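Okay, here's what each chain looks like letter by letter:
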Amino acid sequence: MMAFVAATEPLRIANRLLGRAAYAWTVISEDGAAVTASNGMRVLPDADMRTITHLPWLAVCSGFRFEAGRRAC
């Protein structure tokens, strides 16, 4: 959660200081399902990876136990 908030909060605050939406973000998960952080908080994504067609930038937020969420392919 710390990486996620550290990535989004400066953008939110910049928008507030500018008085306009200069920055936007879309939260994506592999399948569109909610993601549970290591602290137990759940993040509800806006989309899943299959529906995203344009990514000018991509930031991946992960914690120390990222392998725990890995699924067998």
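Quick caveat: nothing in here was measured; it's all calculated off a predicted structure.

Explain helix 1 (residues 2–18) to me, please; I cannot follow it from the model alone.
Because the α-helix completes a turn every 3.6 residues, residues three or four places apart line up on one side. For helix 1, which comprises 17 residues, the first-to-last C-alpha distance of 24 Å matches the rise-based estimate of 24 Å (1.5 Å per residue) to within 8%. Within two residues after helix 1, Gly-19 carries a phi angle of roughly 75°, on the positive side.

Teacher, can you tell me more about the side chain of Asp-48 here?
Tracing the sequence through the fold places Asp-48 in strand 4 (residues 47–48). A distance of 2.8 Å separates a polar atom in the side chain of Asp-48 from the backbone nitrogen of Arg-50.

Quick question: what am I supposed to make of the environment of Trp-57 here?
The residue Trp-57 is located in the segment after strand 4 in this model. Classification of Trp-57 by relative accessible area gives exposed; the value is 78%. Trp-57 sits 32 residues away from Trp-25 along the chain, and the two C-alpha atoms are 9.5 Å apart.

What am I meant to see in the side chain of Asn-15 here?
If you trace the backbone, Asn-15 turns up in helix 1. Setting aside residues no more than four positions away along its own chain, Asn-15 makes contact with Arg-20, Ala-21, Ala-22, Tyr-23 and Trp-25.

Help me understand the environment of Ala-3 in this model?
Considering the arrangement of structural elements, one finds Ala-3 in helix 1. Considered as a pair, Ala-3 and Gly-63 are 60 residues apart in the sequence and their alpha carbons are 7.4 Å apart.

Parameters and conventions
Residues numbered from 1 in each chain as written. Predicted model: local features only at pLDDT ≥ 70, side-chain atom pairs only at ≥ 80, totals over all residues. Heavy atoms only, no water. Helix = DSSP H or I, 4+ residues; strand = E, 2+ residues; numbered from the N terminus. Expected span 1.5 Å × (residues − 1). Polar contact = N/O pair within 3.5 Å; in protein donor to acceptor, adjacent residues only side chain to side chain. Buried < 20%, exposed > 50% of the residue type's maximum accessible area, 1.4 Å probe, protein only. Contact = heavy atoms within 4.5 Å.

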